[in-house]
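Residue-level structural notes
What follows is each chain in one-letter form.
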Amino acid sequence: MEKKQVAENGGFVEEKAENFKITEEEFSKYMYRPEIPDPELVIRTSGEFRISNFLLWEIAYSEFYITDTYWPDFDEKEIDKAIESYNQRDRRFGGVKNV
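In this text the structure is predicted, and so the values were computed from the model without any measurement.

1. Focus: the pattern of salt bridges
A complete count under the given rule lists 5 salt bridges for this structure. Here Lys81 ties to Glu78 by a salt bridge, and the two come within 3.3 Å at their closest N and O atoms. Pair noted here: Lys81 and Glu78 are both in helix α2 (residues 76–87), with a separation of 3 residues, about one helical turn. Residue classification places Lys81 among the partly exposed positions, given a relative accessible area of 40%.

2. Remarks on α2
Helix length check: α2 (12 residues) gives 16 Å between terminal C-alpha atoms against 16 Å at 1.5 Å per residue, within 8%. Here α2 starts with a cap whose side-chain oxygen sits 3.3 Å from the backbone nitrogen of Lys77, and that cap is Asp75.

3. Quick notes on the pairing of strand β4 (residues 63–66)
Residues Glu63 and Tyr65 point to one face of β4 and are all buried, whereas Phe64 and Ile66, pointing to the other face, are not buried. Direction of pairing for strand β3 (residues 41–44) relative to β4: parallel, over a ladder of 4 bridges. Note on β4: the bridge partner recorded for Arg44 is Ile66.

4. Here's the deal with the environment of Gly47
Positionally, Gly47 belongs in the loop between β3 and β4. When the C-alpha positions of Gly47 and Ile66 are compared, they lie 5.9 Å apart, and in sequence the two are 19 residues distant. Sequence-distant contacts of Gly47, defined by excluding residues within four places in its chain, comprise Ile66, Thr67 and Asp68.

5. Concerning the confidence of the model for the protein
Confidence in the prediction for the protein averages 83 pLDDT; 80% of positions are at 70 or higher. Across the protein, the secondary-structure element scoring lowest on mean pLDDT is strand β1 (residues 3–8), at 56, and the one scoring highest is α2, at 96.

6. What about the layout of surface pockets?
Computed from the structure, the second largest pocket encloses a volume of approximately 150 Å³. Lining the second largest pocket we find Glu24, Asp38, Pro39, Glu40, Trp57, Glu58, Ala60, Tyr61, Ser62, Arg91 and Phe93.

Cut-off values and rules
- Residues numbered from 1 in each chain as written.
- Predicted model: local features only at pLDDT ≥ 70, side-chain atom pairs only at ≥ 80, totals over all residues.
- Heavy atoms only, no water.
- Salt bridge = Lys/Arg side-chain N within 4 Å of Asp/Glu carboxyl O.
- Helix = DSSP H or I, 4+ residues; strand = E, 2+ residues; numbered from the N terminus.
- Buried < 20%, exposed > 50% of the residue type's maximum accessible area, 1.4 Å probe, protein only.
- Expected span 1.5 Å × (residues − 1).
- Polar contact = N/O pair within 3.5 Å; in protein donor to acceptor, adjacent residues only side chain to side chain.
- Pairing = 2+ DSSP bridges.
- Contact = heavy atoms within 4.5 Å.
- pLDDT = per-residue confidence, 0-100.
- 1 Å grid on protein atoms, 1.4 Å probe; cavity = no way out; pocket = protein on both sides within 12 Å on 5 of 7 lines; lining within 4 Å.
- Points joined across faces, edges and corners; volume = space filled by probe spheres on them.

The following block contains the structure:
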């Protein structure tokens, strides 16, 4: 019977392989801030398209808004534009659009 070490409460415990199942919920518990909901909108300033490994798991279904405005100039008018863009999106959470 194979056993695996599993991270739990900052340590490792052994668990039998046949009882071990990784679910999305279980995996999410070990992210940077599991108590905070995943972001709905990611705003990327200065025209950059890369995410630089920022919250990779958490942003899987997030919408992205990319603006050429630099962070110091990102004001209330810019956030309103980002929210307006977000409100126009057809959110499918990984699903396929019905045609």
